[in-house]
Amino acid sequence: MKAITTFVTSAYGLSVVLSLFIGLTGGHESPFIGLAYLSMFLPATSVLIVTFAMNEPARVRWNHFPLRYLPLALFLIPGVLHAAMLPAMAAIQGGLRWQDWLRPQPDGLYHTPAARGWGTVTIEGLVGHIAVNALAGLVVVSFLAFFKEVGWRAWLLPRLANGMEFPARGSGHCDHWALWHVPFELAGILHIDGVPQ
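Residues numbered from 1 in each chain as written. Predicted model: local features only at pLDDT ≥ 70, side-chain atom pairs only at ≥ 80, totals over all residues. Heavy atoms only, no water.

Caption draft 1: Spotlight on the nonpolar core. Counting 20 residues, the largest nonpolar core has Phe7, Trp155, Leu156, Trp180 and Ile189 as its most contacted members. Counting residues per element, the ones that place at least two in this core are helix H1 (2-24), helix H2 (42-53), helix H4 (123-161) and helix H6 (182-187). In terms of residue count, the dominant contributor to this core is H1 (8 residues). Filtering out sequence-adjacent residues up to four positions away, Leu156 remains in contact with Ile4, Phe7, Gly151 and His176. If you look at the next biggest cluster of nonpolar residues, it comprises 5 residues, including Tyr110, Trp118, Val121 and Leu126. (Core = buried A, V, L, I, M, F, W, Y, C linked by side-chain atoms within 4.5 Å. Buried < 20%, exposed > 50% of the residue type's maximum accessible area, 1.4 Å probe, protein only. Helix = DSSP H or I, 4+ residues; strand = E, 2+ residues; numbered from the N terminus. Contact = heavy atoms within 4.5 Å.)

Caption draft 2: Highlighting the packing of aromatic side chains. Under the defined criterion, the tally for this structure stands at 9 aromatic pairs. Ring centres of Phe143 and Phe147 lie 5.2 Å apart, and the angle between their planes is 80°; on these two criteria the pair is classed as edge-to-face. With Phe143 and Phe147 both in helix H4 and 4 residues apart, the pair spans about one turn of that helix. Residue Phe147 is classed as partly exposed on the basis of its relative accessible area, which comes to 24%. Between Phe146 and Phe147, the ring centres sit 5.4 Å apart and the planes meet at 85°, which makes this aromatic pair edge-to-face. Taking the relative accessible area as the measure of exposure, Phe146 reaches 43% and is therefore partly exposed. Chaining the aromatic ring pairs together yields one cluster made of Phe7, Trp152, Trp155, Trp180 and Phe184. For Arg116, the ring lying beneath its charged end belongs to Trp118, and the centroid distance is 5.2 Å. (Phe/Tyr/Trp six-rings, centres within 6.5 Å; stacked < 30°, edge-to-face > 60°. Lys NZ or Arg CZ within 6 Å of the ring centre and 35° of its normal.)

Caption draft 3: Expanded view of a nonpolar patch on the surface. Taken together, Tyr69, Leu72, Leu76, Ile77, Val80, Leu81 and Met85 make up a surface patch of nonpolar side chains, about 670 Å² in accessible area. Considering the arrangement of structural elements, one finds Met85 in helix H3 (residues 70-93). (Patch = residues over 30% accessible without salt bridge, like charges linked within 9 Å, V, L, I, M, F, W, Y side chains within 5 Å. Areas by Shrake-Rupley, 256 points an atom, 1.4 Å probe, with all protein chains shown as cover. Salt bridge = Lys/Arg side-chain N within 4 Å of Asp/Glu carboxyl O.)

Caption draft 4: Spatial organisation of H2. For H2, which comprises 12 residues, the first-to-last C-alpha distance of 16 Å matches the rise-based estimate of 16 Å (1.5 Å per residue) to within 8%. Asn55 occupies a position one or two residues after H2 and carries a positive phi of about 50°. (Expected span 1.5 Å × (residues − 1).)

Caption draft 5: Main features of H4. Helix geometry: H4 is bent most strongly at Glu149, by close to 50°. Among the residues of H4, Leu126, Leu144, Lys148, Glu149, Val150, Gly151, Trp152, Trp155, Leu156, Arg159, Leu160 and Ala161 are the ones counted as buried. (Bend = angle between axes of the 7 residues up to and from the residue.)

Caption draft 6: Up close: the packing of H2 against H4. Closest axis-to-axis distance for the H2/H4 pair is 6 Å, and the angle between their directions is 55°. It follows from the interaxial angle that H2 and H4 lie oblique. Facing H2, whose interface residues are Pro43, Ala44, Val47 and Val50, H4 presents Phe147, Lys148, Val150, Gly151, Trp152 and Trp155. (Axes fitted to C-alpha atoms, helices over the stretch in contact; angles between N-to-C directions. Parallel < 35°, antiparallel > 145°, perpendicular 65-115°, else oblique.)

Caption draft 7: How the structure looks around the environment of Gly151. Inspection of the secondary structure puts Gly151 in helix H4. We classify Gly151 as buried; its relative accessible area is 0%. Distance from Gly151 to Pro43, taken between C-alpha atoms, is 4.5 Å for residues 108 residues apart in sequence.

Caption draft 8: Examining the side chain of Thr112 more closely. Mapped onto the elements of the fold, Thr112 is located in the loop between strand S1 (110-111) and strand S2 (120-121). A residue is classified by how much of its surface remains accessible, and Thr112, at 11% relative accessible area, is buried. Of note is the side chain of Thr112, whose polar atom sits 2.6 Å from the backbone oxygen of Gly119. In this view, Thr112 contacts Trp101, Trp118, Gly119, Val121 and Leu126; residues no more than four positions away in its chain are not counted. (Polar contact = N/O pair within 3.5 Å; in protein donor to acceptor, adjacent residues only side chain to side chain.)

Shown next as structure tokens:
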């Protein structure tokens, strides 16, 4: 129990420190917002803290990772979310609110924002850029999420499972995981342009 308490305290403490720094320097407009990516490494860092501070072996059983479920893990949730939310948003808002640059202009081309660096493209070019961005995003997010899940799922969840029934362990894990994100939300780290918070 002491190792779990140390892990949770460390994970929360690190998230609060990072969030305070980003929040006090401008939130989502902070010149240091790039440091927000460090948040994904904090749970794995907390595992290292417990391992070294308490001589607690990490005991992450990598040989039990079922690779056949990897595509399902990567695509199921985003697929279900989009399948459910896009029609819901269309129904609620009377259609989807596309950015203007996602609509063809009178010349039949798509004039993308200068910040994207795509220039003026055809529909094929637009779809190609979006596909490359989606694939790159999937790779980057999966890499970063790996370190987050080392802490929450590979280290904490098995320890919570000892001596608890599934609903209790799942609930305990979900509660910690969800609450850990609160400082990031309050600091503006999870800000998405155009999405009200």
